[in-house]
Amino acid sequence: VAYKIGILGLGTVGTGTVEILLDPVDRHPSIGEIQIAGVGVKSLDKPRTTKLPKTLLTTDLETIVTDPEIAIVVELLGGLEPSRSLILQAIQHGKHIVTANKAVIARYGEEIFTAANKAGVYVLIEAAVGGGIPIIKPLKQSLGVNRIHRVTGIINGTTNYILSQMTEKGADFADVLAKAQELGYAEADPTADVDGWDAADKIAILASLAFGGRVKREDVYAEGIRNVSAVDIDYADRLGFIIKLLAIAQTTTGETRDKLQLRVHPTLVPKSHPLASVNDVYNAILVEGDPIGQVMFFGRGAGAGPTASAVVSDLLNIVALLATNGSSLDPLLSCSHHGYCSVSAIEDLVSRFYVRFLCADLPGVIGHLGTCFGNHHVSLESIVQIGLQHDSAEIVVVTHDVREGNFRQALTEIQSSAAIKSIPSILRVFS
Ligand SMILES: NC(=O)c1ccc[n+]([C@@H]2O[C@H](COP(=O)([O-])OP(=O)(O)OC[C@H]3O[C@@H](n4cnc5c(N)ncnc54)[C@H](OP(=O)(O)O)[C@@H]3O)[C@@H](O)[C@H]2O)c1
């Protein structure tokens, strides 16, 4: 039996997917049962590297999503439209969906999964987070028995590459970004990556799987890496930390599971922590739960081959289910969410902070800082005068776990003192 599939998009991931499907030797035997019936692209004239017959290519993507012969549609276009509409149309025509599109899933997950459940089809998204790293199916299946406390990811390769280069070379953000763009590691418009939006899409998806409820994309607090400076990387290093862009979803400490903290921000990670050694374009996701403890997934978070590995693994899952004639949806693979997770407001987030002050080198500044933080119940782990710049002293403070709202109030009070010239950086510390 052959299972006919249609692929939308023959770019980086589409090409990697076709390459695996056309070369099934020594892979899982079911790959040989998958037949590419059509591939939708924007331009028929573009030179292509695949051995796919040209006759399979079309610019009329609707013919693919409505073709009665096609059982599975693989969406690898990217962007919100026409991806969203084509996915919905394919579902209405009874097709299972495999997609790598985190942007669409993070924003239109409810609409898409509701339609899929109604139509009795799967929407599988292994490639949407962590590229080649298996993390979606582990969260749905292998780890589902656990009470998950926290999911922490380095899930954007571009920013991890930039921060790794800044750390290694002592270089500034703008220079490293330009170099990354030259090498093709960063896009011409790097906004989605460097401002943390791509990581926010991905942590919204991971959180919904780990915590058993839908997550609204706008509930994820996202702060990117544009303001991370070589100076802070150096100071962090001296204090025993490495700066990483972390995406974190966790239950609120000591409270009920139904309040989630969801955030993406540059974070000081202790050098001894396993996430600290995830460098360059690599991704990693640390899942913590009961009774599993800690489990970490590591690998290539992007690229044609790794991402295609995840796409084809989803195809294999669907083919296996079709082959066994499942009459209803497998509850471990389909979406069973009803409500939304409730998410803490940013002021209620609890974390440790690193903050750098530039101040007039006046006696009493450290006392003033201590008093203001104390007034707002912000307890300090360390307070050090690190350097002298021109006529300003640089003081770095690391706090214990504090409520963000209290921390911000303390900063407002601190700034009212004439001795404080500026606060060049505020970063969070992983604990
Ligand atoms: N690249 C990665 O490493 C990676 C990793 C994980 C997930 N993803 C996700 O995978 C998806 C695809 O990414 P990609 O890097 O493979 O993208 P890409 O290289 O830009 O390829 C996009 C493909 O879609 C086609 N396309 C785009 N818009 C179209 C339209 N309106 N009508 C018809 N065809 C259209 C393009 O056609 P032409 O070829 O004719 O231009 C191209 O073949 C995205 O959702 C991305 O977020 C990518």
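Data block above holds the structure.
Treat the numbers as computed from the prediction; the structure is a model and nothing was measured.

**Description of the overall build of the protein**
Then, in step 1: The helix and strand tally for the protein stands at 13 helices and 18 strands.
Then, in step 2: Looking at the protein as a whole, 54% of its 431 residues are labelled buried.
Then, in step 3: Look at the contacts in the protein between residues 6 or more apart in sequence, and 73% of them connect residues 24 or more apart.
Then, in step 4: Here the protein has roughly 18400 Å² of accessible surface; of this, 52% comes from carbon and sulfur atoms.
Then, in step 5: Both charge centroids of the protein, one from 36 positive and one from 46 negative side chains, sit 2 Å from each other.

**Quick look at the pattern of salt bridges**
Then, in step 1: The tally for this structure, following the rule as stated, stands at 23 salt bridges.
Then, in step 2: A salt bridge links Asp232 to Arg356, with the shortest nitrogen-to-oxygen separation between them at 2.8 Å. With a gap of 124 residues between them, Asp232 in helix α10 (residues 230-238) and Arg356 in strand β14 (residues 350-360) connect regions that are remote in the sequence. Each of the two residues, Asp232 as well as Arg356, counts as buried.

**Thoughts on the site of the ligand**
Then, in step 1: Neighbouring residues of the ligand: 22 residues in total, closest Leu10, Ser43, Lys46, Arg48 and Gly303.
Then, in step 2: Gly11 places a polar main-chain atom, nitrogen or oxygen, 3.0 Å from an oxygen atom of the ligand.
Then, in step 3: The fraction of the free accessible surface of the ligand (900 Å²) that becomes covered by protein chains is 75%.
Then, in step 4: Across the shell around the ligand, the residue classes tally to ten nonpolar, eight polar and four charged.

**As for the side chain of Arg428**
Then, in step 1: As for its placement among the helices and strands, Arg428 is situated in strand β18 (residues 420-429).
Then, in step 2: On the basis of relative accessible area, Arg428 is assigned to the buried category, the value being 1%.
Then, in step 3: A distance of 3.1 Å separates polar atoms of two side chains, one belonging to Arg428 and the other to Glu223.

**A closer look at α10**
Then, in step 1: Those residues of α10 that sit buried are Ala230, Asp232, Ile233, Tyr235 and Ala236.
Then, in step 2: Looking one or two residues past α10, Gly240 carries a phi angle of roughly 95°, positive in sign.

**What to know about the nonpolar core**
Then, in step 1: Core analysis: the largest hydrophobic core is formed by 77 residues, its most contacted members being Val123, Ile135, Ile162, Ile203 and Leu206.
Then, in step 2: Of the residues forming this core, the biggest block, eight residues, is contributed by helix α9 (residues 197-210).
Then, in step 3: Apart from residues lying up to four places away in sequence, Ile162 is in contact with Phe173, Val176, Leu177, Ala180, Val194 and Ile225.
Then, in step 4: Val18, Ile34, Ile36 and Val312 belong to the second-largest nonpolar core, a separate cluster that totals 33 residues.

**Digging into the pairing of strand β2 (residues 34-40)**
Then, in step 1: Along β2, five of the seven residues are buried, which leaves the element largely enclosed by surrounding structure.
Then, in step 2: Of the strand pairs in this sheet, strand β1 (residues 3-8) and β2 are connected by six bridges, and their pairing is parallel. Bridge pairing links Ile7 to Val39 in β2.
Then, in step 3: Of the crossover connections in this fold, the one passing from β1 over helix α1 (residues 12-21) to the parallel β2 is right-handed.

**Regarding the layout of surface pockets**
Then, in step 1: Counted as a void, the second largest pocket has a volume near 680 Å³.
Then, in step 2: Lining the second largest pocket are 39 residues, with Ile205, Ser208, Leu209, Cys335 and His337 sitting closest to its centre.
Then, in step 3: Breaking the lining of the second largest pocket down by element, the ones donating at least two residues are α4 (102-119), α5 (136-142) and α9.
Then, in step 4: Here the element with the most residues in the lining of the second largest pocket is α4; it accounts for nine residues.

Here is what the cut-offs are and how they apply
- Position numbers for residues start from 1 in each chain and track the written sequence from start to end.
- Two thresholds apply to this predicted model, a pLDDT of at least 70 for residue-level local features and 80 or more for giving and counting side-chain atom pairs, whereas whole-chain, interface and lining totals are computed over all residues.
- Note that water and hydrogens are dropped before the side-chain values are worked out from all heavy atoms of the structure.
- Here a helix means four or more residues in a row that DSSP labels H or I, a strand means two or more in a row labelled E, and each is numbered from the N terminus.
- For every residue, the accessible area (1.4 Å probe, protein chains only) is compared with the maximum for its type, and the residue is labelled buried under 20%, exposed over 50%, or partly exposed between those bounds.
- When checking whether two residues touch, look at their non-hydrogen atoms; a contact exists if any pair is within 4.5 Å.
- Surface accessibility follows the Shrake-Rupley procedure with a 1.4 Å probe radius. Residue values consider only the protein chains on display as shielding.
- Positive charges come from Lys and Arg, negative ones from Asp and Glu, while His and the chain ends are left out of the count.
- Charge positions are represented by NZ for Lys, CZ for Arg, CG for Asp and CD for Glu.
- The term salt bridge refers to a side-chain nitrogen of Lys or Arg lying within 4 Å of a carboxyl oxygen of Asp or Glu.
- Put simply, a residue is near a molecule or strand once any heavy atom of it comes within 4 Å of that molecule or strand.
- The term polar contact refers here to a pair of N or O atoms within 3.5 Å; inside protein, the definition further demands a hydrogen-donor-capable atom paired with an acceptor-capable atom, and it admits residues adjacent in sequence only when both atoms are side-chain atoms.
- Classes in brief: Ala, Val, Leu, Ile, Met, Phe, Trp, Tyr, Cys and Pro nonpolar; Asp, Glu, Lys and Arg charged; the others, Gly included, polar.
- By nonpolar core we mean a set of buried residues, namely Ala, Val, Leu, Ile, Met, Phe, Trp, Tyr and Cys, connected to one another through side-chain atoms within 4.5 Å.
- Each pair of strands is called paired provided DSSP finds at least two bridges between the two strands.
- When the strands point away from the viewer and the connection leading from the first strand across the helix to the second strand turns clockwise, the crossover is called right-handed.
- Using protein atoms alone on a 1 Å grid, points that fit a 1.4 Å probe yet trap it form a cavity, whereas open point sets bounded by protein on both sides within 12 Å along at least five of seven lines form a pocket; residues with an atom within 4 Å of a point count as lining.
- Grid points are joined across faces, edges and corners, and a volume is the space filled by probe spheres set on the points.

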